[in-house]
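Take a look at the letters that make up each chain.
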Amino acid sequence: HSPAALPLVREARRLVRDGAVASLDGLYFSTAALDDARARIGAAVVARGSLKLSDIRDLLGSTRKYVVPIMARRDADGVARRRGDELSQRRAGWQR
């Protein structure tokens, strides 16, 4: 990090520590935005059985860059199963 960026890096780390922000694959998301994405994706997965990455991208009005880390986190949490570009419900309680 450049010396000029150090205050921003410190602030980002503080926000993560305080729980206001989450870092996924080097990208920062507000926890409120992640909670909203979790609920919206969860409802769609329960309704449809599975979603493709492009479905999630369209649902959130986002890009692949941001959707992939969200999908990976849900898989790592054991709530969803990611296989390539598809996400399906692994167990009940998706929206946790």
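Everything discussed here concerns the structure shown above.
For the structure given in this document, a descriptive report is provided here.

Reading guide: rules and limits
- Sequence order as written defines residue numbering, which begins from 1 separately in each chain.
- The model is predicted, so local features are restricted to residues of pLDDT at least 70 and side-chain atom pairs to those at 80 or more, both for listing and for counting; the totals for chains, interfaces and linings are taken over all residues.
- Side-chain numbers come from the whole structure's heavy atoms, not from hydrogens or water.
- By convention, a stacked pair of Phe, Tyr or Trp rings (six-membered ring in the case of Trp) has centres within 6.5 Å and planes under 30 degrees apart, an edge-to-face pair has planes over 60 apart, and any other such pair is tilted.
- Only DSSP runs of H or I with at least four residues qualify as helices, and only runs of E with at least two residues qualify as strands; both kinds are numbered from the N terminus onward.
- Two strands form a pair only when DSSP identifies at least two bridges running between them.
- Lines fitted to C-alpha atoms define the axes, with helix axes restricted to the stretch in contact, and inter-axis angles between N-to-C directions lie between 0 and 180 degrees.
- Any pair of residues with heavy atoms lying within 4.5 Å of one another is described as a contacting pair.
- Any carboxyl oxygen of Asp or Glu within 4 Å of a side-chain nitrogen of Lys or Arg constitutes a salt bridge here.
- An angle below 35 degrees is treated as roughly parallel, one above 145 as roughly antiparallel, one from 65 to 115 as roughly perpendicular, and anything else as oblique.
- Note: crossing handedness is left-handed where the near helix turns anticlockwise from the far helix by less than a right angle, and right-handed where it turns clockwise.
- Here the term charged refers only to Asp, Glu, Lys and Arg, the term nonpolar to Ala, Val, Leu, Ile, Met, Phe, Trp, Tyr, Cys and Pro, and the term polar to all other amino acids, Gly among them.
- Every helix has an expected span of 1.5 Å times one less than the residues it contains.
- Throughout this description, buried means an accessible area under 20% of the type-specific maximum (1.4 Å probe, protein chains only), exposed means over 50%, and partly exposed covers the range between.

We now examine the packing of aromatic side chains. Using the criterion set out here, one finds one aromatic pair in the structure. Each ring, one from Phe29 and one from Tyr66, has its centre 6.1 Å from the other, and the planes form 90 degrees; the classification is edge-to-face. Of this pair, Phe29 sits in strand β2 (residues 27–30) while Tyr66 is found in helix α4 (residues 64–76), placing the two residues 37 residues apart along the sequence.

Time to look at the pairing of strand β5 (residues 86–89). Both strand β3 (residues 50–52) and β5 contribute to a ladder of three bridges, which runs antiparallel. Of the residues in β5, the one forming a bridge with Leu51 is Leu87. What sits between strand β4 (residues 80–83) and β5 in their antiparallel hairpin is a turn of two residues, with Gly84 showing a positive phi close to 65 degrees.

Below, the discussion takes up the sheet that holds β3. The pairing of strands in a sheet happens through backbone hydrogen bonds and is either parallel or antiparallel. Here three strands make up an open sheet; going across it, the order is β3-β5-β4 and the pairing antiparallel. Both outer strands of the open sheet, β3 and β4, are each paired with one neighbouring strand and no more. Sheet twist, expressed as the average angle between the axes of neighbouring strands with direction ignored, equals 20 degrees. Of the strands in this sheet, β3 and β5 are in contact with helix α2 (residues 31–48), which crosses β3 at around 115 degrees.

Another point: the pattern of salt bridges. Inspection of the entire model under this criterion finds eight salt bridges. With its nearest N and O atoms 2.6 Å apart, the salt bridge here joins Arg14 to Asp18. Here Arg14 pairs with Asp18, and both are found in helix α1 (residues 6–18), just four residues apart, close to one helical turn. Bridged by salt links that share partners, the residues Glu11, Arg14 and Asp18 form one connected network.

How two helices sit against one another is set out by the angle between their axes and by the gap between those axes. In contact at an axis separation of 10 Å, α2 and helix α3 (residues 53–60) are set at 130 degrees when each is read in the N-to-C sense. Overall, the two elements α2 and α3 adopt an arrangement that is oblique. In the crossing of α2 with α3, the sense of the turn from one axis to the other is right-handed. Where α2 approaches α3, its residues Ala37, Arg40, Ile41, Ala44 and Arg48 are matched on the opposing element by Asp55, Ile56, Leu59 and Leu60. A per-class count over the contact of α2 with α3 returns six nonpolar, no polar and three charged.

Let us now look at α2. In this model α2 runs 25 Å from its N-terminal to its C-terminal C-alpha over 18 residues, within 8% of the 26 Å that 1.5 Å per residue would give. Inspection of α2 places Leu34, Ala37, Ile41, Gly42, Ala44 and Val45 among the buried residues, and these make up the whole buried set. Buried residues in α2 make contact with β1 (21–24), β2, β3, α3, α4 and β5. Downstream of α2 by one or two residues, Gly49 has phi in the positive range, about 95 degrees.

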